[in-house]
Amino acid sequence: MATHTLSRIGKALLAPALALGATVALASAPASAAVWNTCDQWGNTSLNGYTLYNNIWGSGAGSQCVWANSGTNWGVWANHPNTGGIKSYPDSKKVINKSITSLGSLSSSYNVTVPSSGAYNTSYDIWDTDYDYEIMLWVNKTGAVGPLGTSQGNVTLGGHTWTVYNGNNGANEVFSFVRTSNSSSGTVNILPILKWIKDTKGWFGNETIGDVQFGYEITSSSGGLNFTTNNLTVSSG
């Protein structure tokens, strides 16, 4: 549930000490100076048609900083305690604003470097414009993390095999596609997944897809861990 909707709900309840570890975080960025960085809880910027968010929305969060060389090459340093519950979803967002039937294509390529410890998932978070439906595509996961809802079995779509989960977080329906094996790079053909939900399962109608987000849903990263998006592209037609 890597949601900006939830982040807005929880904003007033959170007061993490974000400055702690900022020096370490920025030092962990690539040798070439990043064009943008922030350690602010809700820090964001737009670069090359993508919007980057630090997005520390969960309770009990620690420190986290985001740096970016571009909208498609960015990373995160996070030091969140080894406790349950999602702390953050640092991500980049590409706005789509097209209905499923009007989309001729929607795909994304990713290449990431992620830690072998901690508890997190690397995921796409796809929303309709009304925030009624959330479609998550987990391309890798580590530690004690799991999707919301109950398993609907496996399906091969968009170039990957996923275990599908369906649930409700009290605010919206959540459809989670968890890749059956971890991947650090690849291409996801997103449109067939949306059409499968709409046409094969009938879980929603001809929704207008608002945006496609990609990032790291972090539960714990004690001691400070680095998550690097070496390259990310989202394209639609």
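The coordinates are above.
> Can you help me understand the state of the cysteines in this one?
Each disulfide consists of one covalent bond between the sulfur atoms belonging to two cysteines. Applying the stated criterion across every chain, the model contains 1 disulfide. The residue that forms a disulfide with Cys-39 is Cys-65, at a sulfur-sulfur distance of 2.0 Å. Every disulfide takes its handedness from the sign of the S-S torsion; for Cys-39 and Cys-65 that torsion is 105°, giving right-handed. In this pair, Cys-39 is assigned in the loop between strand E1 (36–38) and strand E2 (44–47) and Cys-65 in strand E4 (residues 63–70), connecting sequence segments 26 residues apart. Accessibility assignment for this pair places Cys-39 and Cys-65 in one class, buried.

> Quick question: what am I supposed to make of the sheet that holds strand E7 (residues 106–113) here?
Strand pairing in a sheet takes place through backbone hydrogen bonds and is either antiparallel or parallel in direction. A sheet is described by the order of its strands in space; here 6 strands give the open sequence E1-E4-E5-E15-E7-E13, paired in antiparallel fashion. Each end of this open sheet is capped by a strand with a single partner; those strands are E1 and strand E13 (185–189). Mean inter-strand twist for the sheet, computed between neighbouring axes without regard to direction, equals 20°. In this structure, E4 lies alongside strand E5 (residues 73–79), joined through 7 bridges in antiparallel fashion. Note on E5: the bridge partner recorded for Ser-63 is Asn-79. Strand contacts of helix H3 (residues 190–201): E7 and E13, with the helix running at about 45° to E13, the strand carrying the most contacts.

> Help me understand the side chain of Thr-229, please; the structure alone is not making it clear to me.
Structurally, Thr-229 can be placed in strand E15 (residues 225–236). In terms of polar contacts, Thr-229 uses its side chain to reach the side chain of Tyr-216, at 2.7 Å. Residue contacts for Thr-229: discarding those within four places in its chain leaves Thr-72, Asn-73, Trp-74, Gly-75, Asn-111, Val-112, Phe-214 and Tyr-216.

> So what exactly am I meant to see when it comes to the packing of aromatic side chains here?
For any two aromatic rings, the description comes down to two numbers: the centre-to-centre distance and the angle of the planes. In this structure the tally under the stated criterion is 15 aromatic pairs. Measuring from ring centre to ring centre gives 5.8 Å for Trp-74 and Tyr-216, while their planes differ by 65°; the resulting arrangement is edge-to-face. In this pair, Trp-74 sits in strand E5 while Tyr-216 sits in strand E14 (residues 208–220), placing the two residues 142 residues apart along the sequence. Residue Tyr-216 is classed as buried on the basis of its relative accessible area of 0%. Arranged with centres 6.4 Å apart and planes meeting at 90°, the rings of Trp-162 and Phe-177 form a pair that is edge-to-face. Of the two residues, Trp-162 is situated in strand E11 (residues 160–168) and Phe-177 in strand E12 (residues 173–179); the sequence distance between them amounts to 15 residues.

Thresholds applied
- Residues numbered from 1 in each chain as written.
- Predicted model: local features only at pLDDT ≥ 70, side-chain atom pairs only at ≥ 80, totals over all residues.
- Heavy atoms only, no water.
- Disulfide = S-S within 2.5 Å.
- Helix = DSSP H or I, 4+ residues; strand = E, 2+ residues; numbered from the N terminus.
- Buried < 20%, exposed > 50% of the residue type's maximum accessible area, 1.4 Å probe, protein only.
- Pairing = 2+ DSSP bridges.
- Axes fitted to C-alpha atoms, helices over the stretch in contact; angles between N-to-C directions.
- Contact = heavy atoms within 4.5 Å.
- Polar contact = N/O pair within 3.5 Å; in protein donor to acceptor, adjacent residues only side chain to side chain.
- Phe/Tyr/Trp six-rings, centres within 6.5 Å; stacked < 30°, edge-to-face > 60°.

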